[in-house]
Each structure stands twice: as C-alpha cells, then as structure tokens.
Amino acid sequence: MFGRGGGDRRPALVYRGPASTAGCPEAVAGALTRSRWDLDVRFVGPKERLALEPAVLASAVLYAQPGGGELDKAWRKLRRQAPAVRDYVAGGGRYLGFCLGGYLAGETPGFGLLPGDTDQFIASPGAWPTHTDDTVATVIWDGRRREVFFQDGAWFDLDPTRGPAEVLATYENGLPAAVVAPFGAGAVGVVGPHPEATPDWFTDCGLPVPADLGADLTQDLVDRVMQLGQVAPAR
C-alpha cells in the first residue's frame, strides 16, 4: 500500500486533516522519523495521498493522532473512521495520541481504546494551569519533573477493572498525563501535553523554552508503545 521507496523500513501513519491543527502532524512525524524504529512516516487524511481506511491502516506498524482543536468537532470529522481505527489496533496495530489524539483514545466521544476514559485536566481538582491558553505545564515523568508545552490537554481516568495500563507520567496533582495500555492484540500510547513540541512552539507564543527540552519524552512514549506490541527495534 505504501508503494516503492520504503525499503525495509516500517510504515507509520500520521493523521493530517481537519481534525488536526497545523504544525501538530508535522511535529509528530518528525519525532517518529527520528526514533530508533526506522519508520517510513507518511501522512494520512482526506487531502493526503493516503486515506484513513482499513487497507492503508493494515499496512502500517503504527498510527498517530496528533493535536487539534475541539474534541466534539474533531470527532465529527473522524467518527466514520472509528471502526477502522479500533479494528486496526485490536488486530495488532499501535495507536499513538498527543493532546487531542489522547482525548480521542477515550470514549465520550472517541475511539474507545483505553481501559477507562479521558477528561479535561484544567477542570480537575488541584490542576495548574487552569486556562485554555498555550502555556507550560509540569509533569513527573519517570520520577523527574519536566516542563512541557500544554494547551488544554487531557488526563486519563483509568479503570483497573477494565484492563491493565502503565502510567508513564503524572501531572503535579497526581493524575495520569501519559499512559500506555494494550488493546486487543495491539497497543495504545497517549499523552495529554505536547512533549513533541519544538522550541519554536514556545517562542511563537512568547513562552520560555524549558532548559531540559528534548526529544526523550516523546521517544520514551514511542518506545513503550512499540515494545508493548513486541516489535523488535531496528538494527
């Protein structure tokens, strides 16, 4: 389905279309391209060469849903593709969701890929920030406090009775900010903030660039999703 030119590289898809915001798909694609998994990254969407449909998904080792606008509006653009995304992951595919893509992994509304649901972090008890503007939020990732780009991201309301999940990061109030979980034979990795954000995201908004900004958080999320799906790293 991807055609010639990819060689032995693993196909990966990043959504780009009306349910995303300009710059978000490109940042995710860049992060995936720089990963250690030797991914052949392509955009998929209504105006892309590849459509978000079962045959295209079946050819990919990973599908990424980047950040975007309002959840309800994005869901109206994607709900017809929801069965294809669910079947893809359940059959052994991998879903990666950033900010809006994290919300869409939930079920009210969304693809229903998590053992639980998602909710708006800024409305949670003890949250900071509490506004919807572009800003910097603090998360505790692998025991370390890290500053990340944030714009009204989700937290993940996990239900242990519905299945296992691993919390990679929490917000300062203790709620899950990044999670990986199995779904059927596949794997799901989601994050509420934007660890994939590059320095220009901060400077364009007049925000200070965190001193420890790097690609390691995004790469950790990608690694965990790929490893959960038992994919061997590229050599």
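Look above for the structure.
Let me begin by describing the structure that accompanies this report. Keep in mind that what you see is a predicted model, and the values were worked out from it rather than measured.

### Here we look at unusual backbone geometry
Keep in mind that most residues, glycine aside, have a negative phi and that most peptide bonds are trans.
Phase 1: Note the cis peptide between Thr 108 and Pro 109, where omega equals -5°.
Phase 2: Of note, the amide linkage connecting Trp 128 to Pro 129 takes the cis form, showing an omega dihedral of 5°.
Phase 3: Looking at the element boundaries, Pro 129 is found in the loop between strand S5 (116-120) and strand S6 (135-141).
Phase 4: One non-glycine residue, Asp 38, adopts positive backbone phi at about 55°.
Phase 5: Phi is positive for Cys 99, which is not a glycine, with a value near 55°.
Phase 6: With respect to the helices and strands, Cys 99 occurs in the loop between strand S4 (94-98) and helix H5 (100-103).
Phase 7: Classification of Cys 99 by relative accessible area gives buried; the value is 4%.

### Focus on the environment of Ser 59
Phase 1: With respect to the helices, strands and loops of the structure, Ser 59 is situated in the loop between helix H2 (54-58) and strand S3 (62-65).
Phase 2: In the structure, Ser 59 is positioned 47 residues away from Ala 12 in sequence and 8.5 Å away in space, judged by C-alpha atoms.

### Observations regarding the packing of aromatic side chains
Phase 1: By the definition in use, this model includes eight aromatic pairs.
Phase 2: Where Phe 121 meets Phe 150, the ring centres are 5.9 Å apart and the plane angle is 80°; that geometry is what we call edge-to-face. Placement of Phe 121 in the loop between S5 and S6 and of Phe 150 in strand S7 (residues 144-150) is noted, with a sequence separation of 29 residues between them. Residues Phe 121 and Phe 150 agree in their burial class; the two are buried.
Phase 3: Of the aromatic side chains, those joined through ring pairs into one cluster are Tyr 63, Trp 75, Tyr 95 and Phe 111.
Phase 4: Over the ring of Phe 43 we find Arg 16, and its NZ or CZ is 3.7 Å from the ring centre.

### Observations regarding helix H4 (residues 82-90)
Phase 1: Those residues of H4 that sit buried are Ala 82, Ala 84, Val 85, Tyr 88 and Val 89. Take H4 and look down its axis: the buried residues cluster within an arc of 165°, on one side only.
Phase 2: Here the buried face of H4 lies against H2, S3, helix H3 (71-78), S4, strand S10 (176-183) and strand S11 (186-191).
Phase 3: Backbone geometry just downstream of H4 places Gly 92 in the positive-phi region, at approximately 120°.

### Observations concerning the environment of Gly 106
Phase 1: Position of Gly 106 relative to the elements: it lies in the loop between H5 and S5.
Phase 2: Since its relative accessible area comes to 0%, Gly 106 is described here as buried.
Phase 3: In this view, Gly 106 contacts Phe 111, Gly 112, Leu 113, Leu 114, Asp 117 and Thr 118; residues no more than four positions away in its chain are not counted.

### Some points on the sheet that holds S10
Neighbouring strands of a sheet are bound in pairs by backbone hydrogen bonds; such pairs are parallel or else antiparallel.
Phase 1: Across the sheet, which stays open at both edges, the nine strands sit in the order S2-S1-S3-S4-S11-S10-S9-S6-S7 with mixed pairing between neighbours. Strands with a single pairing partner mark the edges of an open sheet, and in this sheet they are strand S2 (39-44) and S7. Across the sheet, the axes of successive neighbouring strands diverge by a mean angle of 20°, strand direction being ignored.
Phase 2: In this structure, strand S1 (residues 10-15) lies alongside S2, joined through six bridges in parallel fashion.

### Brief notes about a positive patch on the surface
Phase 1: Among the surface-exposed residues, Lys 73, Arg 76, Lys 77, Arg 79 and Arg 80 lie close enough to one another that they form a single positively charged patch.
Phase 2: With respect to the element layout, Arg 76 can be found in helix H3.

### Focus on the side chain of Arg 94
Phase 1: For Arg 94, the location among the structural elements is in strand S4.
Phase 2: No salt bridge forms around the buried Arg 94; measuring N to O, its nearest opposite-charge neighbour Asp 223 is 11 Å away.
Phase 3: At 3.1 Å, the side chain of Arg 94 forms a polar contact with the backbone oxygen of Gly 92.

### Thoughts on the side chain of Arg 146
Phase 1: When you line up the elements, Arg 146 lands in strand S7.
Phase 2: In terms of polar contacts, Arg 146 uses its side chain to reach the side chain of Asp 216, at 2.8 Å.
Phase 3: Beyond its immediate sequence surroundings of up to four residues, Arg 146 is in contact with Ala 137, Thr 138, Val 139, Asp 212, Gly 214, Asp 216 and Leu 217.

Criteria and cut-off values
- Residues numbered from 1 in each chain as written.
- Predicted model: local features only at pLDDT ≥ 70, side-chain atom pairs only at ≥ 80, totals over all residues.
- Heavy atoms only, no water.
- Helix = DSSP H or I, 4+ residues; strand = E, 2+ residues; numbered from the N terminus.
- Buried < 20%, exposed > 50% of the residue type's maximum accessible area, 1.4 Å probe, protein only.
- Phe/Tyr/Trp six-rings, centres within 6.5 Å; stacked < 30°, edge-to-face > 60°.
- Lys NZ or Arg CZ within 6 Å of the ring centre and 35° of its normal.
- Arc of directions from axis to C-beta.
- Contact = heavy atoms within 4.5 Å.
- Pairing = 2+ DSSP bridges.
- Axes fitted to C-alpha atoms, helices over the stretch in contact; angles between N-to-C directions.
- Patch = residues over 30% accessible without salt bridge, like charges linked within 9 Å, V, L, I, M, F, W, Y side chains within 5 Å.
- Areas by Shrake-Rupley, 256 points an atom, 1.4 Å probe, with all protein chains shown as cover.
- Salt bridge = Lys/Arg side-chain N within 4 Å of Asp/Glu carboxyl O.
- Lys, Arg positive; Asp, Glu negative; His and termini not counted.
- Charge placed at Lys NZ, Arg CZ, Asp CG, Glu CD.
- Polar contact = N/O pair within 3.5 Å; in protein donor to acceptor, adjacent residues only side chain to side chain.

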